[in-house]
Amino acid sequence: MAESDDWLSVGKIVGVQGLQGELRVTPASDFPERFTAPGPRWLRSRQGGEPTEIRLKKGRQLPGKSLFVVRFEGVDNRSAAEALVGQELLVAGDDRPELAEGEFHLLDLVGLEARLTTDGPAIGTVTDLISGGNELLEIKTADGRKLLIPFVEAIVPEVQLENGWLLITPPPGLLEL
């Protein structure tokens, strides 16, 4: 999920909704306004390449689900919507909402060292983020294993973005899974 400085992936178009061109988006952002506030967005195809601009007309979250339904200008029927399924929804890299103390842009965590003590060696590096009920940090260890660590304060009590590391205090057995 590495990003260039130019673009931030905020979601993926996963399906169509109805016959009028609405699309279902799985979010990769904790900011609902990315999917509800009208304005410019960009789409990037599965094959990569340069993003293309598209205007979000409106959007809404489906009740009880981590899924948004959006409508774009110029996408007025099911066929036009189907052509967009699988594409990434992007915003400009500098379009980052202000955060409160103790909050982080999750993409900034990718590349951080994971440590068990503040002055200890790294046990691995954060390589990806997986959205679910809670965010999961994917950490690749020095021996090539991939660990999934819940990104909750009880298990990740300290994040030092400026120093390039985060502290994990996993419950017994979590690192052996």
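Structure shown above.
Residues numbered from 1 in each chain as written. Predicted model: local features only at pLDDT ≥ 70, side-chain atom pairs only at ≥ 80, totals over all residues. Heavy atoms only, no water.

Trainee: For this particular structure, what's the right way to read the nonpolar core?
Mentor: Side chains of nonpolar character tend, in soluble globular proteins, to be buried together. In terms of nonpolar packing, the biggest core is built from 18 residues, with I13, L23, F35, V70, F72, L84 and L89 touching the most fellow members. Elements with a minimum of two residues in this core: β1 (7-17), β2 (22-27), β4 (48-61), β5 (68-72) and β6 (88-92). Per-element tally for this core: the top contributor is β1, with four residues. If we skip the residues at most four places from it in the chain, V70 touches G21, E22, L23, V25, F35, L56, K58 and G59. With 17 residues, the next largest nonpolar core counts L112, V126, L137 and I139 among its residues. (Core = buried A, V, L, I, M, F, W, Y, C linked by side-chain atoms within 4.5 Å. Buried < 20%, exposed > 50% of the residue type's maximum accessible area, 1.4 Å probe, protein only. Helix = DSSP H or I, 4+ residues; strand = E, 2+ residues; numbered from the N terminus. Contact = heavy atoms within 4.5 Å.)

Trainee: Just checking my understanding: could you explain the pairing of β6 for this structure?
Mentor: When a strand is regular, its side chains alternate between the sheet's two faces. Pairing analysis gives five bridges linking β1 to β6, with the strands arranged antiparallel. Paired with L8 across the strands is V91, a residue of β6. As judged from the three bridges shared by strand β3 (residues 39-45) and β6, these two strands associate in the antiparallel manner. Its bridge partner lying in β6, L43 is registered against L89. (Pairing = 2+ DSSP bridges.)

Trainee: Just checking my understanding: could you explain the pairing of strand β10 (residues 146-150) for this structure?
Mentor: Residues L147 and I149 of β10 are buried on one face, while the alternating residues K146, L148 and P150, pointing to the opposite face, are not. For strand β9 (residues 136-141) and β10, the ladder comprises five bridges, and the chain directions are antiparallel. Bridge pairing links L136 to P150 in β10. Counting the residues between successive antiparallel strands, the hairpin from β9 to β10 contains four residues, one of them, G144, with a positive phi of roughly 90°.

Trainee: For this particular structure, what's the right way to read the sheet that holds strand β12 (residues 165-167)?
Mentor: Sheets are built from strands paired through backbone hydrogen bonds, the pairs being either parallel or antiparallel. Spatial ordering of the open sheet is given by β10-β9-β8-β7-β12-β11, a layout of six strands whose pairing is mixed. The strands lining the two open edges of the sheet, one partner per strand, are β10 and β11 (158-160). Along the sheet, successive strands turn relative to each other by an average axial angle of 35°, direction set aside. (Axes fitted to C-alpha atoms, helices over the stretch in contact; angles between N-to-C directions.)

Trainee: So what exactly am I meant to see when it comes to the side chain of Q17 here?
Mentor: Note on placement: Q17 falls in strand β1. Side chain to side chain, Q17 and R24 meet in a polar contact 2.6 Å long. Beyond its immediate stretch of four places on either side in the chain, Q17 contacts E22, L23, R24, R60 and V69. (Polar contact = N/O pair within 3.5 Å; in protein donor to acceptor, adjacent residues only side chain to side chain.)

Trainee: Whenever I open this one, the sheet that holds β4 confuses me. Can you help?
Mentor: Ordered in space as β1-β2-β5-β4-β3-β6, the six strands form a closed barrel in which the pairing is antiparallel. Between one strand axis and the next, the sheet turns through 50° on average, direction left out of account.

Trainee: Just checking my understanding: could you explain the pattern of salt bridges for this structure?
Mentor: If charged atoms from side chains of opposite charge come close, those side chains can pair. Counted by the stated rule, this structure contains seven salt bridges. Note that E73 is salt-bridged to R55, the shortest N-O span being 3.9 Å. Of the two residues, E73 sits in the loop between β5 and α2 (78-82) while R55 sits in strand β4, which places them 18 residues apart along the sequence. Residue class for E73 comes out partly exposed when judged on its relative accessible area of 43%. Here E113 makes a salt bridge to R115, at a shortest N to O gap of 3.3 Å. Since its relative accessible area comes to 32%, E113 is described here as partly exposed. (Salt bridge = Lys/Arg side-chain N within 4 Å of Asp/Glu carboxyl O.)

Trainee: What am I meant to see in the environment of R60 here?
Mentor: Counting through the fold element by element, R60 comes out in strand β4. Looking at R60, the relative accessible area reads 38%, which means it is partly exposed. Note: C-alpha distance between R60 and P32 (28 residues apart in sequence) is 8.6 Å. Setting aside anything within four residues of it in sequence, one finds R60 in contact with Q17, E22, F35, T36, L67, F68 and V69. Within the structure, R60 has its side chain in polar contact with the side chain of E22 (distance 3.0 Å).

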